[in-house]
Amino acid sequence: MAELLFREDPYLRSCEATVVAVHGDSVELDRTVFYPLGGGQAGDTGTLAGRRVLDTRKGPAAPDSVLHILEPGATPAVGASVHAELDWARRHRLMRLHSALHLLGAVVKAPVTGGRIAEDKAHLDFDIDMSRLVAAEIEARLNELVRAAVDTRARWITDAELDAHPELVKTMSVAPPRGEGRVRLLEIPGIDLQACGGTHVANTAEIGALKVVRIRSEGKRNKRITLELA
Ligand SMILES: [Zn+2]
């Protein structure tokens, strides 16, 4: 079980850690700043003991085991002390776009059916009629919320508390990580409150200006709104 440092401080760019397991070219550490693919957010890249980390995924003992997938070559041995460092510029874009999707979910009042965050763009899918989605209006409202410069905050509730408040799970296709007895909430006061295990910026102003680059139907219940950083 790894200590997931990004949960308490998503701004940590590097850490010292010990290798606890090796599976081929994938390495598990006792602690990590690397976010594994999940909740729609891409896995982190970076370096570990000087080798490229190509991707990060949940490990066999998820949610608290993390596989750092290294470029092929000599893998550090179990027990080795290593320096792990994120591609921070990429991660920070992911944090900005991830936080932007929380704003988008607040602006568009409809059930969310899916979503994805990549380093250059992010989208949410909504169960809504296309005629209600006007790109210019959505973009203007998003940028108002960015300029409002609202602090975000994370806190934990128990699984039982979450069960008592099913409205906190907004994305039907992305259930929050369960099985630890507790679930992480991300609150943007006055704007959004939902269960989310991803990494976010500390204040909406840090997202910067947003563009709605596309609104497209992906099926009867999936109207996809794609954002980019302006
Ligand atoms: Zn989130």
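Relevant structure appears above.
In this text the structure is predicted, and so the values were computed from the model without any measurement.

Here is what the cut-offs are and how they apply
- Within each chain, residues carry numbers counting from 1 in the order of the written sequence.
- Whole-chain, interface and lining totals are the exception, using all residues; otherwise, since this is a predicted model, local features are given only for residues with pLDDT of at least 70 and side-chain atom pairs are given and counted only at 80 or more.
- The side-chain quantities take in all heavy atoms of the structure and omit both hydrogens and water.
- Comment: elements are numbered from the N terminus, with helices defined as DSSP H or I runs of at least four residues and strands as E runs of at least two.
- Put simply, the radius of gyration uses C-alpha atoms, and a globule should come to 2.2 Å times the residue count raised to 0.38.
- Note on classification: 1.4 Å probe, protein chains only; a residue is buried when its accessible area is under 20% of the maximum for its type, exposed when over 50%, partly exposed between these limits.
- What makes two residues a contact is simply this: any of their non-hydrogen atoms within 4.5 Å.
- Charge assignment: positive for Lys and Arg, negative for Asp and Glu; neither His nor the chain ends contribute.
- Think of each charge as sitting on NZ of Lys, CZ of Arg, CG of Asp or CD of Glu.
- To define a nonpolar core, start from buried Ala, Val, Leu, Ile, Met, Phe, Trp, Tyr and Cys residues and group those joined through side-chain atoms within 4.5 Å.
- Ring pairs are drawn from Phe, Tyr and Trp, using the six-membered ring of Trp, whenever the two centres fall within 6.5 Å, and their geometry is named by plane angle: stacked under 30 degrees, edge-to-face over 60, tilted for the rest.
- Working rule: Lys NZ or Arg CZ, within 6 Å of ring centre, within 35 degrees of ring normal, means a charge sits over the ring.

Undergrad: Hey, could you go over the overall build of the protein chain for me, with residue numbers and the actual values?
TA: On a plain count of helices and strands, the protein chain comes out with four helices and 15 strands. A compact globule built from 230 residues should have a C-alpha radius of gyration of about 17 Å, and the protein chain, at 18 Å, falls within 12% of that. For the C-alpha atoms alone, the extent of the protein chain along its principal axes is close to 55 × 40 × 35 Å. Burial analysis of the protein chain (230 residues in total) assigns 50% to the buried set. If you take every contact in the protein chain between residues at least 6 apart in sequence, the share linking residues at least 24 apart comes to 62%. Both charge centroids of the protein chain, one from 30 positive and one from 32 negative side chains, sit 5 Å from each other.

Undergrad: An account of the nonpolar core is requested, with residue identities and associated values reported.
TA: One finds Leu 104, Val 108, Phe 126, Ile 138, Leu 142 and Ile 225 to be the most contacted residues of the largest nonpolar core, which totals 50 residues. Ranked by residues supplied to this core, first place goes to helix H2 (residues 88-107) with ten residues. If we ignore the near neighbours within four places in the chain, the residues touching Ile 225 are Leu 104, Val 108, Ala 122, His 123, Leu 124, Phe 126, Leu 133, Ile 138, Val 212, Arg 214 and Ile 215. Residues Ile 157, Leu 162, Val 183 and Ala 195 belong to the second largest nonpolar core, which totals six residues.

Undergrad: Go over the packing of aromatic side chains with me, naming the residues and quoting the values.
TA: Across all of its chains, the model carries two aromatic pairs by this definition. For the pair Phe 6 and Tyr 35, a centre-to-centre distance of 5.3 Å together with 75 degrees between the ring planes defines the contact as edge-to-face. Separated by 29 residues along the polypeptide, Phe 6 in helix H1 (residues 5-8) and Tyr 35 in the loop between strand S4 (31-32) and strand S5 (46-48) bring together distant segments of the chain. Exposure remark for Tyr 35: the relative accessible area of 6% places this residue in the buried category. Summarising the aromatic geometry, the rings of Tyr 11 and Trp 88 are spaced 6.0 Å apart at their centres and angled 50 degrees between planes, so their arrangement reads as tilted. Within this pair, whereas Tyr 11 is found in the loop between H1 and strand S2 (14-23), its partner Trp 88 is found in helix H2, the two being separated by 77 residues in sequence. For Trp 88, a relative accessible area of 15% gives the class buried. Over the face of the ring belonging to Trp 156 we find Arg 182, whose NZ or CZ atom lies 3.6 Å from the ring centre.

Undergrad: Outline the environment of Met 130, supporting the account with residue identities and numerical values.
TA: Among the secondary structure elements, Met 130 is positioned in the loop between strand S10 (122-126) and helix H3 (135-147). What makes Met 130 partly exposed here is its relative accessible area of 33%. A sequence separation of 14 residues divides Met 130 from Arg 116, and the C-alpha atoms of the two residues are 20 Å apart. When near neighbours in sequence (up to four residues on either side) are disregarded, Met 130 contacts Ile 215, Arg 216, Ser 217 and Lys 223.

Undergrad: Account for the environment of Val 107, with residues named and values stated.
TA: Along the polypeptide, Val 107 turns up in helix H2. Excluding anything up to four places from it in sequence, Val 107 contacts Ile 138, Arg 141, Leu 142 and Leu 145.

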